[in-house]
Amino acid sequence: MSLLTEELLVPALADIRLPDSPRFVPHGRPRRTGLKDYALAALGSVLNTCLGPREKLAFGILMYHRICEEPTDHPRPTWNVNPERFEQQLTGLLARGWQAWPLRQVLSCVERDLPIPRKTFVVTFDDGYANNLIHAAPVLAKLHVPATLFLATAYLDSKQPFPSDDWPVAGQPGVPSETWRPLTTEECRRFTANGLVELGAHTHTHADFRGRPIELTADLTECCNVLRERFGINQPTFALPYGTKSEGFSGPALAAAAEQAGVRCSLTTEPHLVRPGDDAFDWGRFAAEEHDTATTLAAKLGGWHTLVRWLGRKMLGRGP
């Protein structure tokens, strides 16, 4: 190992926080992240730091869910980034020369065949947690970072956890409601009042639509009706629930069903950059997680993270 690589790799490894427990994928198997995975991620960060973005004509989309403090005496919230880490991630990306654009802006550029600067990224939130308003909104306003919030509209104003929430203590006595509660209609209006945040569709019920494209069209149409009637939104952007291809939560049939419902795009959860010519009904997103730093997120957005992990898994004989 060269001196330059060692100087960069050691801090990169030290800057990554290892989770205490496996993360769970809804309707899937526990996803464990081991030391080899972190080493590969650190190597991707080194390459991105030394060489800059790997692909020159692509942009990336980040995906968040919960933004809240970890309650004491309870398991760590799933799919959560605490507010301090969230601000550090965005501040670090901006300091590295990345710029955040609204999702609708990149869609407009793609539709008009206009160039998008390479160091462009998009911020999105899934489901519609009240803590996005409480903790994420002040950070977005402070940094002037735009974002899209994909709402599962059946749960607006609900006092119960999302049925899709895989955090086992969500809604239990003694667990702060801000860690799991869905947004209210009025909170959504407050969230979007400054123009930085736009609302998108995440289906009405956040159900399992694998192999059920007709049901997806009907459910998504109901979601679009709610967004139009309550917030005056026509042809919203859309992100598929769960969104993985390997488990059947995204693919051509569901993309066609979404397009039939009249949405403007259909985002998956596949960790891919968006390249020129990519179908807007098959764009991927990178999960931004608690252990991510600005360095690791820059590597994801730069294209190195995906390449290094793919090469590592091929060499280690691990599946996709």
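Only a predicted model underlies this, so the values are computations on that prediction, with no experimental measurement involved. (Residues numbered from 1 in each chain as written. Predicted model: local features only at pLDDT ≥ 70, side-chain atom pairs only at ≥ 80, totals over all residues. Heavy atoms only, no water.)

Scanning the protein for helices and strands turns up 10 helices and eight strands. Sorting the 320 residues of the protein into buried and exposed places 54% on the buried side. Put simply, 72% of the contacts in the protein that link residues at least 6 apart link residues at least 24 apart. For the protein, the computed accessible surface area is about 14400 Å², with 55% contributed by carbon and sulfur atoms. (Helix = DSSP H or I, 4+ residues; strand = E, 2+ residues; numbered from the N terminus. Buried < 20%, exposed > 50% of the residue type's maximum accessible area, 1.4 Å probe, protein only. Contact = heavy atoms within 4.5 Å. Areas by Shrake-Rupley, 256 points an atom, 1.4 Å probe, with all protein chains shown as cover.)

Summed over all chains, the structure comprises 12 salt bridges. Measuring nitrogen to oxygen at the nearest pair gives 3.0 Å for the salt bridge that ties Arg-264 to Glu-111. One end of the pair, Arg-264, is in the loop between α8 (252-261) and β8 (286-287); the other, Glu-111, is in helix α4 (residues 103-111), and 153 residues separate them in sequence. Note that Arg-181 and Glu-187 form a salt bridge whose closest N and O atoms lie 3.0 Å from each other. Look at Glu-187 and you get buried, because its relative accessible area is 11%. (Salt bridge = Lys/Arg side-chain N within 4 Å of Asp/Glu carboxyl O.)

Averaged over all residues, the pLDDT of the protein is 87; the fraction at 70 or higher stands at 78%. Residue range residues 1-31 is modelled with pLDDT below 50. Its contacts to residues more than four positions away, or to other chains, number 61 contacts. (pLDDT = per-residue confidence, 0-100.)

Moving on, we get to the packing of aromatic side chains. Summed over the entire model, instances satisfying the criterion amount to seven aromatic pairs. Pairing Tyr-64 with Phe-86 gives two aromatic rings, centres 5.0 Å apart and planes at 90 degrees, and the pair type is edge-to-face. Of this pair, Tyr-64 sits in strand β3 (residues 60-64) while Phe-86 sits in helix α3 (residues 83-95); the two residues are 22 residues apart in sequence, bridging distant segments of the chain. Of the two residues, Tyr-64 and Phe-86, both sit in the buried class. On the numbers, 5.8 Å between centres and 80 degrees between planes, the contact of Tyr-155 with Phe-162 is edge-to-face. (Phe/Tyr/Trp six-rings, centres within 6.5 Å; stacked < 30°, edge-to-face > 60°.)

The end-to-end C-alpha distance of helix α7 (residues 213-231) is 26 Å, a good match for the 27 Å that 19 residues give at a rise of 1.5 Å each. Of all the residues in α7, the buried ones are Leu-216, Thr-217, Asp-219, Leu-220, Cys-223, Cys-224, Val-226, Leu-227 and Phe-231. The inward-facing, buried residues of α7 contact β6 (147-151), α6 (185-191), β7 (197-201) and α8. A positive backbone phi angle near 70 degrees is found at Gly-232, which sits one or two residues after α7. (Expected span 1.5 Å × (residues − 1).)

With that settled, consider the nonpolar core. Most often, soluble globular proteins have nonpolar side chains that are buried together. Of all hydrophobic cores here, the largest spans 56 residues; its most connected members are Tyr-64, Phe-86, Leu-90 and Phe-125. Residue contacts for Leu-90: discarding those within four places in its chain leaves Tyr-64, Phe-121, Val-123, Val-139, Leu-140, Leu-143 and Val-145. Phe-59, Val-106, Phe-150 and Cys-265 belong to the second largest nonpolar core, which has 16 residues in total. (Core = buried A, V, L, I, M, F, W, Y, C linked by side-chain atoms within 4.5 Å.)

Turning our attention to the packing of α3 against helix α9 (residues 294-302). Packing of α3 against α9 brings their axes to within 8 Å, and their N-to-C directions diverge by 60 degrees. Viewed along their axes, α3 and α9 adopt a mutual orientation that is oblique. Of the two elements, α3 crosses α9, and the hand of that crossing is right-handed. Residue-level inspection shows Gln-88, Gln-89, Gly-92 and Leu-93 of α3 in contact with α9, the latter providing Ala-294, Leu-297, Ala-298 and Leu-301. Across the contact of α3 with α9, the residue classes break down as five nonpolar, three polar and no charged. (Axes fitted to C-alpha atoms, helices over the stretch in contact; angles between N-to-C directions. Parallel < 35°, antiparallel > 145°, perpendicular 65-115°, else oblique. Left-handed = near helix turned anticlockwise from the far one by under 90°. Nonpolar A, V, L, I, M, F, W, Y, C, P; charged D, E, K, R; others polar.)

In this structure, Thr-120 sits in strand β5 (residues 120-127). A polar contact is formed between the side chain of Thr-120 and the backbone oxygen of Pro-117, at a distance of 2.6 Å. Residues contacting Thr-120, with those up to four places away along its chain left out, are Phe-59, Gly-60, Trp-98, Gln-99, Trp-101 and Val-106. (Polar contact = N/O pair within 3.5 Å; in protein donor to acceptor, adjacent residues only side chain to side chain.)

Phi is positive for His-144, close to 55 degrees, though the residue is something other than glycine. One can find His-144 in the loop between α5 (130-143) and β6. Located in the positive-phi region is Thr-203, a residue other than glycine, with phi close to 70 degrees. Summarising the element assignment, Thr-203 is placed in the loop between β7 and α7. Judged by relative accessible area, which is 0%, Thr-203 ranks as buried.

The buried fraction of β3 amounts to five of the five residues, a majority that puts the element mostly inside the structure. Where burial is concerned, the two faces of β3 agree: the one with Gly-60, Leu-62 and Tyr-64 and the one with Ile-61 and Met-63 are both buried. Pairing between β3 and β5: five bridges, direction parallel. When the bridges of β5 are listed, Met-63 appears paired with Thr-124. Relative to β8, β3 runs parallel, the two being bridged by two bridges. Bridge pairing in β8 links Leu-62 to Phe-286. (Pairing = 2+ DSSP bridges.)

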